[in-house]
Amino acid sequence: RWLTDRDVDPVFAIFSDEQMMRYWSSTAMKDRSEAADLIARIHRQFAEKSGFQWGVERKDDSVLLGTCTLFNIHVANMRAEVGYCLRSAHWGGGYMGEALSALIDHAFGVLRLRRLEADVDPNNAGSLRVLDRMGFQREGLLRERWNVGGEIQDSVLLGLLAREWQGRRA
């Protein structure tokens, strides 16, 4: 769902979750104002069509659990990167698989992209499992790609083609 200014506190709760942010490419938020800045950036990117980030909420009570994102969109090459996060308290509940499925449908359907990429910390077994279930293929290891809070991290690069996704959905 669309994120609004009313979501500052839940967005801050998501991006200040130290356990979840362990696998992110930046450190955890320390101040609520960072969440307000993120929401403003999300709105700007939507307007520019340079990135699309939606909230992931639980259907039964509308609690915001995380986000799903399409970014680094290359229209000419018909590709983009996917990103997602889920508060660690909600890991293993199937929420991200459902949200990613909708995001991928949007990317390959509405946006008519040909390829999606994901960049994942090799220690993030849960994220690698959900991408595997979505049909992403491991394409390489980028060694010492990120410096997050002084910790050097590798990155697994994964890719999914529209024709592969459509074949799985048929």
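To start, this report covers the structure provided alongside it. No experiment lies behind these values; they were computed from the predicted model shown.

Side note on the packing of helix H4 (residues 95-108) against helix H5 (residues 125-134)
For the pair H4 and H5, the least separation of the axes is 10 Å and the interaxial angle reads 45 degrees. For the element pair H4 / H5, the angle class is oblique. In this structure, H4 crosses over H5, and the sense of that crossing is right-handed. Along its contact with H4, which presents Met96, Gly97, Leu100, Ser101 and Ile104, the element H5 presents Val130, Leu131 and Met134. When the residues that make up the contact of H4 with H5 are grouped by side-chain class, the tally is six nonpolar, two polar and no charged.

Things to note about the sheet that holds strand E2 (residues 64-74)
In space, the six strands of this open sheet follow the order E1-E2-E3-E4-E6-E5, with mixed pairing throughout. Edge positions in the open sheet fall to strand E1 (52-57) and strand E5 (137-148), since each of these has one partner strand only. Each strand of the sheet is rotated relative to its neighbour by a mean of 25 degrees, with strand direction disregarded. Relative to strand E6 (residues 151-161), strand E4 (residues 115-120) is paired through six bridges, and the arrangement is antiparallel. Note that in E6 the partner of Asp119 across the bridge is Leu157. Packing against the sheet, helix H1 (residues 8-15) makes contact with E1, E2 and strand E3 (79-86), and its axis sits at approximately 80 degrees to E2.

Thresholds applied
- Residues numbered from 1 in each chain as written.
- Predicted model: local features only at pLDDT ≥ 70, side-chain atom pairs only at ≥ 80, totals over all residues.
- Heavy atoms only, no water.
- Axes fitted to C-alpha atoms, helices over the stretch in contact; angles between N-to-C directions.
- Helix = DSSP H or I, 4+ residues; strand = E, 2+ residues; numbered from the N terminus.
- Parallel < 35°, antiparallel > 145°, perpendicular 65-115°, else oblique.
- Left-handed = near helix turned anticlockwise from the far one by under 90°.
- Contact = heavy atoms within 4.5 Å.
- Nonpolar A, V, L, I, M, F, W, Y, C, P; charged D, E, K, R; others polar.
- Pairing = 2+ DSSP bridges.

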